[in-house]
Amino acid sequence: MFLNTVLVVLTDLAARLLGNKLFRQHFHLMLSAVLVFGPALSLWVSQHSIFAKRTHFLYRLFLRSGWGWTCIFVGSFIFLLSYSIRRSLLHSLRHLSRLVVAGGLWLCFCKLLDLLENTTGSCYEPLHAGPEVTSGQSLLVLKDGESKSECLKAGMVWRGYEVSEDIFLLCLCCLLLAEETAVFGPYLSLGGISDAPLRILFLFCVLLLGLWIFLLLCLLAYFPQFPTQLLGGALGCLSWRGLYQGWYRMGPSWCCPGRPGQGLLNIKTSSTAAEDALNHNHYN
């Protein structure tokens, strides 16, 4: 009973925050400010911290599988929320298709970024000893015909035009999580059924959002790479805006899954007040 009360209180508070109009309107601006000013944290953090090592378990366990974790928790939340309201598998799959579209877009951009980096970059072999070494710095000898993966596997140095895929993924996941979980507040305010499994999934999504923001700050503070990280964050924000503020606003159809909550929240009331509230809470 006590744990259930704690769960209800925590999820109610989180739902009010994520569904708040000011939060929804300014979350992308806060994320942009983090991207711009986050590298300044490198002046205060210690390079001897456990988060200054790329081998830390948070980076290995979550960052490398960031999209998978996001799909597992957000997908489960979307499916359970939509199915509990409409009891329609097709309707739930339509809402889940937003994750498929976002995942496809992420994969396409990753392929394009890899192609860009391999096309514009070059592989160099460092010379750590010899008469050519001056001022304590090693010279780099150009190696032709090497791809980035082959170059790095051989222990050589790759220099090329790069956009941070980690920052791109984290920004896209943060914005996606904020969008998909924001409907839970209006759902609760309309008296929707909120049993423990749905609340637990929502709480996991909130915790995952907090983890992605923390990892974003860690990357910016401990591994600052300007402007590659800024470009990655800009690409993530543009992807979110193109999907959630562009395509998905066209409304549900055979070629568009619609916005989060569309076709769900209005089921809880005999009028269109829920849809009006959803439209009012969305970014202008």
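Thresholds, definitions, all that
Residues numbered from 1 in each chain as written. Predicted model: local features only at pLDDT ≥ 70, side-chain atom pairs only at ≥ 80, totals over all residues. Heavy atoms only, no water. Salt bridge = Lys/Arg side-chain N within 4 Å of Asp/Glu carboxyl O. Helix = DSSP H or I, 4+ residues; strand = E, 2+ residues; numbered from the N terminus. Buried < 20%, exposed > 50% of the residue type's maximum accessible area, 1.4 Å probe, protein only. Disulfide = S-S within 2.5 Å. Polar contact = N/O pair within 3.5 Å; in protein donor to acceptor, adjacent residues only side chain to side chain.

All chains considered together, the criterion is met by five salt bridges. In this structure, the salt-bridge partner of R98 is E180, at a minimum N-O distance of 2.8 Å. In this pair, R98 is assigned in helix α5 (residues 89–120) and E180 in helix α7 (residues 165–181), connecting sequence segments 82 residues apart. A salt bridge links E117 to K148, with the shortest nitrogen-to-oxygen separation between them at 2.7 Å. Here the residue E117 occupies a position in helix α5, and K148 occupies one in helix α6 (residues 148–153), the gap between them amounting to 31 residues. Classification of K148 by relative accessible area gives partly exposed; the value is 22%.

To continue, consider the state of the cysteines. As enumerated under the stated definition, the model contains one disulfide in all. What pairs with C123 in a disulfide is C151, and their sulfur atoms sit 2.2 Å apart. An S-S torsion of about 85 degrees defines the bridge between C123 and C151 as right-handed. Of this pair, C123 sits in strand β1 (residues 122–127) while C151 sits in helix α6, placing them 28 residues apart in sequence.

On to the side chain of Q245. With respect to the secondary-structure elements, Q245 resides in the loop between α10 (228–244) and α11 (273–281). The exposure class of Q245 is buried, given its relative accessible area of 14%. A polar atom in the side chain of Q245 sits 3.5 Å from the side chain of E179.

Worth remembering: the numbers are spatial, not functional.
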